[in-house]
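# Tertiary structure, described
One-letter residues, chain by chain:
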Amino acid sequence: MQFRLARRLIGSIAAGLIALQFISLISTGLPLGGQSSALAVAPGHPAIERTWARTDKPVADHDVVRTWMWGPEANTDIVWEPYAESPGGMRQVQYFDKSRMEITQPDDDQQDLWYVTNGLLVTELVSGTIQVGSDTFVPSQPAQVNVAGDPEDSTGPTYATFGPLRGLPAQPDGAFIAQRLHRDGSITIDPLLARYGVTAGLRVTEPGLDHQVASVFVDFMRSTGIVSVDGQLVTDRLFATDFYATGYPIAEPYWANVLLKGVIQDVLIQCFERRCLTYTPSNDPGWEVEAGNVGQHYATWRMSQPTLPTPVTTATTMATATTPATTVPGETPTSTATATATTTPTNTVSATATPTNTAVATNTPANTPTPTTPQGGGNEAGCLNATEAAFLALINEHRADHGRQPLTVSRKLNIAAYNHSLDMGQRRYFGHDTPQPYPAGQTGPRPSDRMDAAGYSGYSTWAENIAGGQSTAQAVFNGWFASSQHNINMLKSTVTQIGIGFVSVPGSPYTYYWTTDFGNGNDGSGC
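Residues numbered from 1 in each chain as written. Predicted model: local features only at pLDDT ≥ 70, side-chain atom pairs only at ≥ 80, totals over all residues. Heavy atoms only, no water.

### As for helix H2 (residues 46-60)
Over its 15 residues, H2 extends only 18 Å from the first C-alpha to the last, a length that falls short of the 21 Å expected when each residue adds 1.5 Å. At Ala53, H2 shows its maximal kink, close to 60°. Looking at H2, one finds that the buried residues are Ala47, Ile48, Thr51, Trp52, Ala53, Thr55, Asp56, Pro58 and Val59. Among the structural elements, strand S4 (90-95), strand S5 (100-103), strand S13 (224-229) and strand S14 (232-237) are those in contact with the buried residues of H2. (Helix = DSSP H or I, 4+ residues; strand = E, 2+ residues; numbered from the N terminus. Expected span 1.5 Å × (residues − 1). Bend = angle between axes of the 7 residues up to and from the residue. Buried < 20%, exposed > 50% of the residue type's maximum accessible area, 1.4 Å probe, protein only. Contact = heavy atoms within 4.5 Å.)

Right under this line is the structure:
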């Protein structure tokens, strides 16, 4: 067993380019033939749950009226991102509306205040660099994403707007904030803004920065209120230190014209290393100060990046995985996840660290998977290309080591998995839920909806793992093996069949996309 395990984990790290990589999973039990509903994603680690609960559980339970500091729930499962100082070069993160929580050193004391950190996401969005280590950064472009307001707003500032402002001098102590920032980065003085009574309330001088913090934000960061501690409601400071949640200010506070619910309003914006705070005098009491949706903005921006080039200080490629997708309505999958390995390079994937024959999505379909015409002459592994077959061997050997029965390949689950991987790449998203519009024949966003659309039936339980950025079966197996919840899915004793979808979509954020769908149905069509 130890020898086989060591052999299966070979090659988890190789020199080369860093790809943006994620792991995600989902698992559920359903009534026979039933449909699942979309559920909120819970915090994926006890320390993350504890951090979220302190400020946001009282908001969720309507015990207090104030802004969310994280959001009503997580937006993703636990995912893995490259970080040089973490074990294996990967760390666990989870995205929320307002931020991203990170566990960089999982073996440290979980009770430590900084065991869970929230990333310097605003610094990355403003500077156009992605941090992949304490002193390791990958160059990108500043985010042309609205800091606040409606997504269609064309007047308010973007994160890119703040880049040139970081070096501007601090305003005098106690001065009224009367500077209005425009989308193009220009600043005008509007004396009428003094009527809001906001002043330069705290000057922060640290190496590389010297900025005032607006008085309304100082009051908020130092405020007390109802918080949740070990399941009990107590009155305490919201934040252990002034800048625990926000980081230091990276620019001065500015008023801006921002489109909110279709109406242009005066909004005070100040960006800090970790978050941007807003003050909207016209908001309802308790909601005047809000934390911007930095976590949402950052995840979307990072997902839009191409494969990351070599970092400026180190070069490492880490193994791990992403989340599922579906085909775009009216589009036909162009290379099939059920194609057998042949001498024709368009449908063959090499199971080496540098694939030379890759299943590539193009506009000319080669072998389109359909649920009615099995390929492979009935051979279960024949529905898989070489890389997918290699993964099947790895997972079944892993299951044998733990006393589990081997999984058989379901053609219909293959189709569901392949379509999702292809859809994620073509529509440039990463997740278990299919965004609208749904593909023809699919009635909902969930993995079970995709399984039903592919004709899979008679199942009472299902599970799904997704991954992105891994070019080999070994790499994606390593990533899922290292994640306890993904590993649980691979070892589930209640599932009997698997579908494996591995595609390459050049020019997409991750290039390589994986989906494995598990079920206990009776797909007698074979391969």
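### Observations regarding the pairing of strand S7 (residues 129-133)
Among the 5 residues of S7, 4 are classified as buried, and the element is accordingly described as predominantly covered. Relative to strand S8 (residues 136-139), S7 is paired through 4 bridges, and the arrangement is antiparallel. Its bridge partner being in S8, Thr129 is matched across the sheet by Pro139. Linking S7 back to S8 in an antiparallel pair, the connection comprises 2 residues. (Pairing = 2+ DSSP bridges.)

### Quick word on the state of the cysteines
This structure, assessed with the given rule, holds 1 disulfide. In this model Cys271 forms its disulfide with Cys276; the gap between the sulfur atoms is 2.2 Å. Measuring handedness by torsion sign, the sulfur bridge of Cys271 and Cys276 sits at about 100° and is right-handed. Exposure remark for Cys276: the relative accessible area of 0% places this residue in the buried category. (Disulfide = S-S within 2.5 Å.)

### Points about the environment of Leu181
Following the sequence through the fold, Leu181 ends up in strand S9 (residues 179-181). Using a relative accessible area of 2% as the deciding quantity, one classes Leu181 as buried. In sequence terms Leu181 and Pro253 are 72 residues apart; their C-alpha atoms lie 9.2 Å from each other. Setting aside its immediate chain neighbours within four residues, Leu181 contacts Pro157, Thr161, Phe162, Leu165, Ser186, Ile187, Tyr254, Trp255 and Ala256.

### Regarding the pattern of salt bridges
In the structure shown here, the tally under the stated rule is 15 salt bridges. With a shortest N-O distance of 2.7 Å, Asp61 and Lys57 are connected by a salt bridge. According to the relative accessible area criterion, Lys57 is partly exposed, its value standing at 33%. The salt bridge partner of Arg427 is Asp423, with a shortest N-O separation of 2.9 Å. (Salt bridge = Lys/Arg side-chain N within 4 Å of Asp/Glu carboxyl O.)

### Re helix H6 (residues 386-401)
Here H6 spans 23 Å end to end across 16 residues, near enough to the 22 Å set by a 1.5 Å rise per residue. Of all the positions in H6, only Thr387, Glu388, Phe391, Leu392, Leu394, Ile395, Asn396, Glu397, His398, Arg399 and Asp401 are classed as buried.

### Remarks on the packing of H6 against helix H9 (residues 473-482)
The packing of two helices is summarised by the inter-axis angle and the distance between the axes. Close contact between H6 and H9 brings their axes to 9 Å; oriented N to C, the two are set at 35°. Along this stretch, H6 crosses H9, giving a crossing that reads as right-handed. Taking contact as the criterion, the partners of Thr387, Ala390, Phe391, Leu394, Ile395 and His398 in H6 are, on H9, Ala473, Gln474, Val476, Phe477, Trp480 and Phe481. Here the residues of the contact of H6 with H9 are counted per class, giving 9 nonpolar, 3 polar and no charged. (Axes fitted to C-alpha atoms, helices over the stretch in contact; angles between N-to-C directions. Left-handed = near helix turned anticlockwise from the far one by under 90°. Nonpolar A, V, L, I, M, F, W, Y, C, P; charged D, E, K, R; others polar.)

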